[in-house]
Amino acid sequence: QVQLVESGGGLVQPGGSLRLSCAASGRAFGTSVKGWFRQAPGKDRDFVAAIDGIGSMTGYADSVKGRFTISRDNAKNTVYLQMNSLKAEDTAVYYCAAQAPGGLRNYRREESYAYWGQGTQVAVSS
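A short tour of the structure in this document, coming up. Values in this document were obtained by computation on a predicted structure and should not be read as measured data.

1. A look at the overall build of the protein chain
Tallying secondary structure elements over the protein chain gives zero helices and 11 strands in all. Listing every helix and strand of the protein chain by position from the N terminus yields β-β-β-β-β-β-β-β-β-β-β. Relative to its length of 126 residues, the protein chain is compact, with a C-alpha radius of gyration of 13 Å against a globular reference of 14 Å. Principal-axis analysis of the C-alpha atoms places the extent of the protein chain at approximately 45 × 25 × 25 Å. Burial status across the protein chain gives 44% buried among its 126 residues. In the protein chain, of all internal contacts separated by at least 6 residues, the share reaching a separation of at least 24 is 57%. Seen as two clouds, the 14 positive and the 10 negative side-chain charges of the protein chain have centres 5 Å apart.

Written as structure tokens, this is what we have:
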């Protein structure tokens, strides 16, 4: 029904930048809350950032606030995560997620999201 595909991951040095993209199929994607989560090896999947249906409100984990920026282009059915000043602890698989259309749930909990991408690897290392 809804498919999400992440791209833009890779290997960068500490202090570098990456921009992740999440392309979605289905018009419902453009009107639902979107989020980014990440999971490091051996750790739980954690909330990173979220954005509302029209891009008027955003939320971030304390660990990335001021360094990461989430945005969306509804005309392209795409959500972005601009990551600056990357640190080694940012190394993880990053997942794009979407809530069901019409609903509004706690955006910091992965249980609130109905659709998930396959993930893209981000490695920060010298």
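2. Let's talk about the sheet that holds strand 3 (residues 18–24)
Strand order in the open sheet formed by four strands is 1-3-8-7, and the pairing between neighbours is antiparallel. Because the sheet does not close on itself, it has two edges, and the strands there are strand 1 (4–7) and strand 7 (68–73). If you compare each strand with its neighbour and ignore which way they point, the axes differ by 15° on average. Alignment of strand 3 against strand 8 (residues 78–83), held across six bridges, turns out to be antiparallel. When the sheet's bridge partners are listed, Arg19 is paired in strand 8 with Gln82.

3. Regarding the layout of surface pockets
The computed volume of the largest pocket comes to approximately 150 Å³. Considering the residues around the largest pocket, the lining is formed by 14 residues, among which Arg38, Ala40, Lys43, Asp46 and Glu89 are closest to the centre. Secondary structure elements with two or more residues in the lining of the largest pocket: strand 4 (34–39) and strand 5 (45–51). Considering each element in turn, the lining of the largest pocket owes the most residues, three residues, to strand 5. The residue makeup of the lining of the largest pocket, split by class, is six nonpolar, three polar and five charged.

4. Thoughts on the side chain of Ser21
Tracing the sequence through the fold places Ser21 in strand 3. For Ser21, a relative accessible area of 16% gives the class buried. Leaving out residues up to four positions away in the same chain, Ser21 has contacts with Val5, Glu6, Ser7, Trp36, Thr78, Val79 and Tyr80.

Definitions and cut-offs
Residues numbered from 1 in each chain as written. Predicted model: local features only at pLDDT ≥ 70, side-chain atom pairs only at ≥ 80, totals over all residues. Heavy atoms only, no water. Helix = DSSP H or I, 4+ residues; strand = E, 2+ residues; numbered from the N terminus. Rg over C-alpha atoms; globule rule 2.2 N^0.38 Å. Buried < 20%, exposed > 50% of the residue type's maximum accessible area, 1.4 Å probe, protein only. Contact = heavy atoms within 4.5 Å. Lys, Arg positive; Asp, Glu negative; His and termini not counted. Charge placed at Lys NZ, Arg CZ, Asp CG, Glu CD. Pairing = 2+ DSSP bridges. Axes fitted to C-alpha atoms, helices over the stretch in contact; angles between N-to-C directions. 1 Å grid on protein atoms, 1.4 Å probe; cavity = no way out; pocket = protein on both sides within 12 Å on 5 of 7 lines; lining within 4 Å. Points joined across faces, edges and corners; volume = space filled by probe spheres on them. Nonpolar A, V, L, I, M, F, W, Y, C, P; charged D, E, K, R; others polar.

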